[in-house]
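Structure at a glance
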Amino acid sequence: MEAKKVQSYDPKTIESRWQASWADNKTFRTLNPGDSGFDADQPKFYVLDMFPYPSGAGLHVGHPIGYIGTDIIARRKRMEGFNVLHPMGYDAFGLPAEQYAIQTGKQPAESTGENIKTFRGQMQRLGLSYDWDREFATCDVSYYRWTQFIFARLYDRGLAYQAEVPVWWCEALKTVLSNEEVIGGRSERGDHPCVKRPLKQWMLKITAYADRLLDDLDDLDWPESVKTMQREWIGRSEGAEITFPVQGHEGEQICVFTTRPDTLYGATFMVLAPEHPLVDKITVADQREAMAAYKKEAATKSDLERGDLAKGKTGVFTGAYGLNPLLSPDDPEARIPIYVADYVLMGYGTGAIMCVPCHDDRDFEFAQTFDLPIKAVVDTGKGPTDGSECTPGLGIAIHSPEWNGLKTEAAKAKAIEVLVEKGVGDAKITYRLRDWLFSRQRYWGEPFPVWSDAEGNMSRVPDSELPVELPFMEEFSPPEDGSPPLSKVPEWVNVTDPTSGEPRMRDTDTMPGWAGSCWYYLRFMDPHNTEAPFSTEAMEYWSQVDLYVGGAEHAVLHLLYSRFWHKVLFDEGMVANKEPFQRLFNQGMLQAFAYKDQAGRTIPVDEVHEDVEPPTMIADSTPVERIVAKMSKTLKNVVNPDDVCERYGVDAFRLYEMFMGPLADSKPWNDRDVPGTRRFIERVWRLFVDPDGEQAVRASVLAERTGEPEGDTLELERGFNRCMERVEDSFTHFNFNTAVAAFMEFINLASKKSAAMDRDLCERFVCAMAPFAPHLCEELWSRMGHVDGITRAPWPLVREQYLKADDFELVVQVLGKVRGRTRAPIDADKATLEQLALDAVQEKLEGKQVVKTIVVPGRLVNFVVK
């Protein structure tokens, strides 16, 4: 006798079936204008993830949290009838990829290709609905050809230039690093020592766009915190530039910028940056040794450390004096001592400041440290005016002959007027933003499309000669002399201009990793175009990214650089919008548990008994403290999503990642909670499929509704629409945890009344959950007899007529923490509410004694247990 078929939930079979179907049918292919089947009247939606650097380690469970979030949004938009562009690619050029290749003894192209293959496989296994036909990497020749083309537009506009600038040089990495890549004088990658040295570098004139970058933030739907960070990074300041003669040094002057020219008479000393060109000229003989030592120490500090950590407490006197330009050189109060301190940065303002200690906290600390005079020139009404205390702020000008008695704004205007009249100053606007250092002395990056003739005259490579391909190098490690690796390939460096027939020498620096990520969102609109970076038709149709999702760590640099390139392309007439990303959302970081011993040292998880309370060391049973930390190889707390999917299934993994909390929040991964979402999926399966039955689905699932719902079906209809209310709300701020919780609560209700779950309810439930658990829902949709997949089935709308106004959601807590929700009649008494609450959290109370019940009518019930 043949064994009876058991229809249990088998995620591996279901996942492989539907992933193969999606791939074979190109289910997520996006149509462009001109494509067969393109509907010009169909609304578009462009949702984009910040694409990843394909590291050798592959994805850990923290990486997909944003990808799953955008996938849910993309899938819903398709069901709402949108033409959805949801692509994926790889930020594959740059220092990390090159270092990884060196460590593994492979060519960067080979190791990067292997890593991309791993990433692609992991993302496809997660059921992410990307249009894989649009996939590319920034190291693809067909892509970086157009990165070079865009650089050429910058070059033609005078926005790309070479200059000798003080830069961070890392001897171990044999390359220049940006300020952001150096911490405490050491490289962020590898922790190698770095020093400042002057080198000729490519620079991009992002400062020319400072005002536009600042002003256009107002029109963006971005987190206010990100806008604030960009505004502070750009750092627009209005004030005056003032010239101070240097006493005893004929013709030498110090130009300072200040936002408070009205406090000029309160300046009792000046400070120069250690790199200021006048330092060596004006430092007196007996101060030169101390000055040299101070400058050497300052060269090991990053700008962030100098600006934030020094706080103006260290410095060296030059022995020279500046002269207040509004006083006679013979006036004893005209002499202002000149110091050097590392909290003044050469790249901000003029690299020199006038210091008014009575009205600036940092100047006040410095003056106290070096016993310098303190003079009040503003009466703020909040403190003494004798200089005994620091009183920053606005007020009335005092001890300032030309503008005494004026309020601050009027005093500032008058001070500028006086300075202009006397020819010693002028109104000025400055920015904290500096031009973008755009060179790297490494191999794995985009070659610059520029060359020089025999006289050293530089010009760009004609567009017809692009791409300038990166040559193959057997040995690509940085040479010991610090020269760029490409300089060791003479047959690549020395070429002939095909137009003139004259010899040319290629530039041997390469672009930084930022270059390719500045414009990739545009290439996704038209990735196979061989005639242009993208067509006008594709750009005009897709317009800009509707929703851009990524980590807050990119709040400044990547987003600022992309906005800059986009504005240049706007000026070129290549794009129609001033901004690339209309809406920005930052997902939170997924962390993991780690442990700390009594001395405060972090302990790898494989050295700890995690299943006991409190956790203890395996070696000696010493108690340790459980903490939440970033996933890292050192702490052995990295979790591979492949392992989780293998054990529990992809949909269980997707649901758990969303169920942990709002997408914007950081939260810890906990392996012990994943089985809960797997059990939920199995409950959904059993609701639709009889494990012991012969049919694809239960008979009730196919029962057609013939009239208005009644009885249990009416109660389920009401319950489903309450569920959909919460699902809809979850898409407002991407709090998808509330949607998953709503699904779970509805299944709790439906499981008790499964015979009343008719086809109409079942189809709408499966459609609602499809973006979250697509493999399960495709399977159930198919079993209900649908030939077409669920991808473009209609999104279920809330049916308002079934939302009752005579009941409410009762929140159920255990020891003050929410453990469940249920519906309760508005007029229910306390006893009824208590019983409903007990039914809702019965499993959570097993083995516990309820010692007190707190009932808040109309809101919640809280059980105090022991």
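Up top is the structure.
A brief structural summary.

Conventions we followed
- Residues numbered from 1 in each chain as written.
- Predicted model: local features only at pLDDT ≥ 70, side-chain atom pairs only at ≥ 80, totals over all residues.
- Heavy atoms only, no water.
- Helix = DSSP H or I, 4+ residues; strand = E, 2+ residues; numbered from the N terminus.
- Buried < 20%, exposed > 50% of the residue type's maximum accessible area, 1.4 Å probe, protein only.
- Contact = heavy atoms within 4.5 Å.
- Areas by Shrake-Rupley, 256 points an atom, 1.4 Å probe, with all protein chains shown as cover.
- Lys, Arg positive; Asp, Glu negative; His and termini not counted.
- Charge placed at Lys NZ, Arg CZ, Asp CG, Glu CD.
- Salt bridge = Lys/Arg side-chain N within 4 Å of Asp/Glu carboxyl O.
- Axes fitted to C-alpha atoms, helices over the stretch in contact; angles between N-to-C directions.
- Parallel < 35°, antiparallel > 145°, perpendicular 65-115°, else oblique.
- Nonpolar A, V, L, I, M, F, W, Y, C, P; charged D, E, K, R; others polar.
- Pairing = 2+ DSSP bridges.
- Left-handed = near helix turned anticlockwise from the far one by under 90°.
- Core = buried A, V, L, I, M, F, W, Y, C linked by side-chain atoms within 4.5 Å.
- Arc of directions from axis to C-beta.
- Polar contact = N/O pair within 3.5 Å; in protein donor to acceptor, adjacent residues only side chain to side chain.
- Expected span 1.5 Å × (residues − 1).

1. A closer look at the overall build of the protein
Each helix and strand in the protein was counted, giving 25 helices and 33 strands. Within the protein, the proportion of its 866 residues that are buried is 53%. Once local pairs closer than 6 in sequence are excluded, the contacts in the protein between residues at least 24 apart make up 71%. On the protein, roughly 38100 Å² of surface is accessible, and the fraction owed to carbon and sulfur atoms is 49%. Taken as two groups, the 98 positive and 134 negative side-chain charges of the protein have centres that lie 4 Å from each other.

2. Quick notes on the pattern of salt bridges
Close approach of charged atoms allows side chains with opposite charge to pair. The final tally for this structure, using the stated rule, is 59 salt bridges. Salt-bridge contacts for Asp760 lead to Arg764; the nearest nitrogen and oxygen are separated by 3.2 Å. Within this pair, Asp760 and its partner Arg764 are both found in helix α23 (residues 759–769), separated by 4 residues, close to a single helical turn. The network of salt bridges with shared partners includes Arg705, Glu717, Asp758, Asp760, Arg764 and Arg799.

3. Concerning the packing of helix α19 (residues 650–659) against helix α24 (residues 774–783)
Packing of α19 against α24 leaves a shortest axis separation of 7 Å and a crossing angle of 125°. The angle between the axes of α19 and α24 places the two elements in the oblique class. Each of Val650, Asp651 and Arg654 in α19 lies in contact with α24, whose residues at this interface are Pro774, His775 and Leu776. Its residues assigned to classes, the contact of α19 with α24 comprises 3 nonpolar, 1 polar and 2 charged.

4. So, the sheet that holds strand β7 (residues 194–204)
The antiparallel open sheet is built from 4 strands, whose spatial order is β4-β3-β7-β17. On the outer flanks of this sheet lie β4 (175–177) and β17 (436–437), each paired with one strand and no other. Alignment of strand β3 (residues 160–170) against β7, held across 11 bridges, turns out to be antiparallel. Looking across to β7, one finds that Tyr161 is bridged to Met203. Each of β3 and β7 is contacted by helix α5 (residues 141–156), which is oriented at about 85° to β7, the strand it contacts most.

5. What to know about the packing of helix α20 (residues 674–688) against α23
Two elements in contact, α20 and α23, have axes separated by 12 Å at closest approach and are oriented at 155°. Here α20 lies roughly antiparallel to α23, going by the angle between them. The handedness of the crossing between α20 and α23 comes out as left-handed. Seen from α20, the contacting residues are Phe680, Val684 and Phe688; seen from α23, they are Cys762, Phe765, Val766 and Met769. For the contact of α20 with α23, the per-class residue count stands at 7 nonpolar, no polar and no charged.

6. Section: the nonpolar core
Within the largest apolar cluster, 175 residues are counted, with the highest numbers of intra-cluster contacts made by Met123, Phe438, Trp565, Trp669, Phe688 and Phe765. The element contributing the most residues to this core is helix α22 (residues 736–752), with 10 residues. When neighbours within four sequence positions are excluded, Phe438 is seen to be in contact with Phe151, Trp202, Met203, Leu204, Phe448, Thr510, Met511, Pro512, Ala515 and Trp565. In this structure, Val256, Val340, Ala352 and Val378 belong to the second largest nonpolar core, which totals 46 residues.

7. Focus on the pairing of β3
The side chains of a regular strand alternate, first on one face of the sheet and then on the other. In this structure, β3 lies alongside β4, joined through 3 bridges in antiparallel fashion. Bridge pairing links Trp169 to Val176 in β4. Hairpin connection, β3 to β4: the antiparallel pair is bridged by 4 residues, and Lys174 has positive phi, about 55°.

8. A short note on helix α11 (residues 361–369)
Taken together, the buried positions of α11 are occupied by Asp363, Phe364, Phe366 and Ala367. Considered in projection along α11, the buried side chains sweep an arc of 165° and stay on one side of the axis. Next to the buried residues of α11 lie β10 (269–272), β12 (335–340) and β13 (352–355). Sitting at the amino-terminal end of α11 is Asp360, which places a side-chain oxygen 3.1 Å from the backbone nitrogen of Arg362. Just beyond α11, the residue with positive phi is Asp371, at close to 55°.

9. Focus on unusual backbone geometry
The peptide bond linking Leu466 to Pro467 adopts the cis configuration, its omega dihedral lying at 5°. Tracing the backbone through its elements, the reader meets Pro467 in the loop between β19 (458–460) and α13 (490–493). In this model, Glu613 is joined to Pro614 through a cis peptide bond whose omega is -5°. In this structure, Pro614 sits in the loop between β26 (608–609) and β27 (616–617). A positive phi angle, near 45°, is found at Lys26, a position not held by glycine. Looking at the element boundaries, Lys26 is found in the loop between α1 (11–25) and β1 (44–49). According to the relative accessible area criterion, Lys26 is partly exposed, its value standing at 45%.

10. Some remarks on the sheet that holds β12
Taking strand neighbours across the sheet as the criterion, the 4 strands line up as β11-β12-β10-β13 in an open arrangement whose pairing is mixed. Each edge of the sheet is formed by a strand with only one pairing partner; in this case those strands are β11 (316–323) and β13. Across the sheet, the mean angle from the axis of one strand to that of its neighbour is 30°, orientation sign disregarded. Sheet topology note: the β11/β12 ladder contains 5 bridges and is antiparallel. Following the sheet pairing, Leu323 is matched in β12 by Arg335. Here helix α9 (residues 288–298) sits on the sheet in contact with β11 and β12, set at roughly 105° to β11. Packing against the sheet, α11 makes contact with β10, β12 and β13, and its axis sits at approximately 105° to β10.

11. A look at helix α21 (residues 711–733)
For the α-helix, the turn length of 3.6 residues means that residues three or four positions removed from each other point alike. Between the first and last C-alpha of α21 there are 35 Å, a value that for 23 residues agrees with the 33 Å anticipated at 1.5 Å per step. Immediately downstream of α21, the backbone of Phe734 shows phi near 60°, a positive value.

12. What to know about the side chain of Thr350
For Thr350, the location among the structural elements is in the loop between β12 and β13. Under the relative-accessibility criterion, Thr350 is labelled buried at 17%. Separated by 2.5 Å, the side chain of Thr350 and the backbone oxygen of Cys255 make a polar contact. Within the structure, the side chain of Thr350 is placed 3.3 Å from the backbone oxygen of Ala352, a separation counted as a polar contact. Filtering out sequence-adjacent residues up to four positions away, Thr350 remains in contact with Glu241, Cys255, Val256, Phe257 and His276.

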